[in-house]
Amino acid sequence: MRRGRVSPASRLSLRARLALVAAGAVAATVVGASAVVYLAVRHDLLLGVDSGLQSRATVLESRRSRHGTADVVRQLLRHAPGLAALPTATQVTEADGAVLALPPFQPPLPVTARVRAVAAGRRPAFVESATVDGTAVRLLTVPFGRGLALEVVRPVSGVESELAHLATILAVTSLAGVAIAVVLGAAVAGVALRPVRRLTRTVERMAATRDFGPPLLVSGGDELARLATSFNAVVAALDQSRSAQRQLVADASHELRTPLTSLRTNVEVLAGDERLDPAERLQLVHDLGAQLDGLAVLVADLVELARHEDGGPAPGPRELVALDRLVATAVERTQRDHPGVRFTSRLEPLLVEGVRADLARAVANLLDNAAKWSPPGAEVTVTIEGAVLRVRDRGPGIDPADLPRVFDRFYRGRSARGVGGSGLGLAIVRRVVEGHGGAVSAAPAAGGGTELVVRLPRASDSGAAS
Ligand code: ATP
Ligand code: MG
């Protein structure tokens, strides 16, 4: 049987796991949203810096177009207020990389291949992030008349400090969100799992006390209700099988007591009374042998019944069985054991699927009864027609008062007094037949005697039978 395995993750309680999953989901959402906000704000701030650079470049360009390049360069070198004013720094570069105008008090701006390409007119204007003199800046490079490029930079330290502030706020909010999610997740999981806890407590109590008590209350039709319904069904089946087992043990001990007592009495007589003559002694030993045989049969029958007490499908290998051949063999054997009775049979072929040994035992029990209750020389008729087996004898018949109970364990009818047996034969027949999905009944036969009728489902498969 396969059993559920306990994975390492389930060392945590279900409630803790649910809370963790909720917190994880909230954390992923919050972190994702924070990242989007951070990137969007950063983009907006940089756009502001870039448009500042652009307007400065536009001012210089319009001045250049009105007064000429030389005028602008002069102004820049003189560090004219309003043109090279901080925090913006400016530089005019030639296509060969030479710096034409670098205002005083200002670190030189980087002259890359891209900048030279703009000066040479091979590239359009561009903006990039760069580092000048250890400071992070945005750098705009635009064409500045023939053979020149104008570079304008502005530090982004303001933007960076704003972004750092934003990041702090987002981190704190995210942590708070996750913490709230853990607490709320635990609370919600607690409420959702309350019925599970109730179910668990009840089942644990059952396991500890071995007392099934009343069935679990089932309300609604959700998964838990289905679980409780199935659990109740399992418990009911277990309870039934347990009481059937108890009943069998009680019946068995009661039935074994009588033969054991008489065995003991006979043994005591044999051992204690020395005045017994040899003939009496021989008779006693003979009786003892017969009693032991009876006891052996009784124990074998009991074991057979106990083997499958809960009435489910018969154990043992199931196979296709030609019931007609099985019955024919059984008739021959019973005829040998009871030469005083005449068996006649008419057997149509019938294939059933089942446990051969069990079917043979059931058929033998029916034939044995018919022979046992037949008067000497009487006929027993065995027929298979369709999927129905009938065993009919010409004995005294079963008393109508006994009829409803002859299939019970240990039940022996009034006619059975003085005839050997323990009352288990028909109980075994019923167990086997029902275990094969069939039904058995007994009825008075027309014209006297008894008829036992067994119906078995035909095998659906028409494969080979042995
Ligand atoms: P066992 O089969 O265990 O040796 P048994 O034959 O007495 O004992 P069952 O086969 O279970 O027990 O039968 C139960 C009772 O039904 C019998 O004691 C008998 O009273 C009655 N009975 C069964 N078959 C017949 C029959 N063919 N004719 C008359 N009575 C029968
Ligand atoms: Mg019998």
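All figures in this text were calculated on a predicted structure; none of them were measured in a lab.

A.B. asks: Requested: an account of the overall build of the protein, with residues and values cited.
C.D. replies: Regarding its fold elements, the protein presents 10 helices and 12 strands. When each of the 466 residues of the protein is scored for burial, the buried share is 34%. Partitioning the contacts of the protein with sequence separation of at least 6, the portion at a separation of at least 24 is 63%. Counting only carbon and sulfur atoms, one obtains 60% of the accessible surface of the protein, whose full area is about 27,000 Å². For the protein, the distance from the average position of its 55 positive side-chain charges to the average position of its 46 negative side-chain charges is 11 Å.

A.B. asks: How would you explain the sheet that holds strand S7 (residues 342-347) if you had to name every residue and give the values?
C.D. replies: Strand order in the open sheet formed by five strands is S7-S9-S10-S12-S11, with mixed pairing between adjacent strands. Two strands close off the open sheet at either side, each with one partner strand: S7 and strand S11 (439-444). Looking at each pair of strands side by side, their axes are set apart by 15° on average, direction ignored. With six bridges joining them, S11 and strand S12 (residues 450-455) adopt antiparallel strand pairing.

A.B. asks: Can you break down unusual backbone geometry residue by residue, with the values?
C.D. replies: Peptide bonds are, in most cases, trans, and in most cases residues other than glycine have a negative phi. A positive phi angle, close to 60°, is found at Arg210, a residue other than glycine. Mapping Arg210 onto the fold places it in the loop between helix H5 (194-209) and helix H6 (223-272). In the Ramachandran plot, Phe410 falls in the positive-phi region, its phi being about 65° despite a non-glycine side chain.

A.B. asks: Would you mind going over the packing of helix H1 (residues 14-67) against helix H4 (residues 157-192) in detail, with residue names and values included?
C.D. replies: Here H1 crosses H4 at 160°, and the two axes come no closer than 8 Å. Between H1 and H4, the crossing angle belongs to the class labelled roughly antiparallel. Both H1 and H4 take part in a crossing whose hand is right-handed. Taken together, the residues that form the contact of H1 with H4 break down as 24 nonpolar, five polar and three charged.

A.B. asks: Quick rundown of the pattern of salt bridges? Include the residues and the values.
C.D. replies: Taken as a whole and judged by the stated rule, the model has 15 salt bridges. Residue Glu61 pairs with Arg64 through a salt bridge whose shortest N-O separation is 2.8 Å. With Glu61 and Arg64 both in helix H1 and three residues apart, the pair spans about one turn of that helix. For Glu61, a relative accessible area of 27% translates into the label partly exposed. Classification of Arg64 by relative accessible area gives buried; the value is 17%. Residues Asp408 and Arg405 are paired through a salt bridge, measuring 3.5 Å at the closest nitrogen-oxygen approach. Owing to a relative accessible area of 43%, Arg405 belongs among the partly exposed residues under this scheme. Within the structure, one salt-bridge network assembled from shared partners comprises Arg63, Asp71 and Arg74.

A.B. asks: How would you summarise the site of ligand 1 if you had to cite specific residues and measurements?
C.D. replies: Taken together, 19 residues lie near ligand 1, and Asn369, Asp393, Arg412, Gly413 and Leu426 sit nearest. Contacts to ligand 1 include Arg412, whose side-chain N or O atom sits 2.8 Å from an oxygen atom. A distance of 2.8 Å separates an oxygen atom of ligand 1 from a polar atom in the backbone of Leu426. Summarising the interface, the protein chains cover 96% of the accessible area of ligand 1, which totals 590 Å² for the free molecule. When residues in the shell around ligand 1 are grouped by element, the largest group, three residues, is from helix H9 (residues 356-373). Among the residues making up the shell around ligand 1, the classes are represented as seven nonpolar, nine polar and three charged.

A.B. asks: How would you explain the domain arrangement of the protein if you had to name every residue and give the values?
C.D. replies: Each assigned domain of the protein is listed here: domain 1 (15-163), domain 2 (242-307) and domain 3 (319-455). For domain 1 and domain 2, the distance between their C-alpha centroids amounts to 112 Å.

A.B. asks: Could you give an account of empty space enclosed by the protein, with specific residues and numbers?
C.D. replies: The tally for this structure, following the rule as stated, stands at one cavity of 30 Å³ or more. Roughly 70 Å³ of volume is contained in the largest cavity. Residue lining of the largest cavity: Leu323, Leu359, Ala362, Val363, Leu366, Leu389, Val429, Val433, Val454 and Leu456, and that is the complete set. Those elements giving two or more residues to the lining of the largest cavity turn out to be H9 and helix H10 (425-435).

Procedures and definitions
- Residues numbered from 1 in each chain as written.
- Chains lettered and ligands numbered in written order.
- Predicted model: local features only at pLDDT ≥ 70, side-chain atom pairs only at ≥ 80, totals over all residues.
- Heavy atoms only, no water.
- Helix = DSSP H or I, 4+ residues; strand = E, 2+ residues; numbered from the N terminus.
- Buried < 20%, exposed > 50% of the residue type's maximum accessible area, 1.4 Å probe, protein only.
- Contact = heavy atoms within 4.5 Å.
- Areas by Shrake-Rupley, 256 points an atom, 1.4 Å probe, with all protein chains shown as cover.
- Lys, Arg positive; Asp, Glu negative; His and termini not counted.
- Charge placed at Lys NZ, Arg CZ, Asp CG, Glu CD.
- Pairing = 2+ DSSP bridges.
- Axes fitted to C-alpha atoms, helices over the stretch in contact; angles between N-to-C directions.
- Parallel < 35°, antiparallel > 145°, perpendicular 65-115°, else oblique.
- Left-handed = near helix turned anticlockwise from the far one by under 90°.
- Nonpolar A, V, L, I, M, F, W, Y, C, P; charged D, E, K, R; others polar.
- Salt bridge = Lys/Arg side-chain N within 4 Å of Asp/Glu carboxyl O.
- Near = heavy atom within 4 Å.
- Polar contact = N/O pair within 3.5 Å; in protein donor to acceptor, adjacent residues only side chain to side chain.
- Domains from an automatic or database assignment.
- 1 Å grid on protein atoms, 1.4 Å probe; cavity = no way out; pocket = protein on both sides within 12 Å on 5 of 7 lines; lining within 4 Å.
- Points joined across faces, edges and corners; volume = space filled by probe spheres on them.

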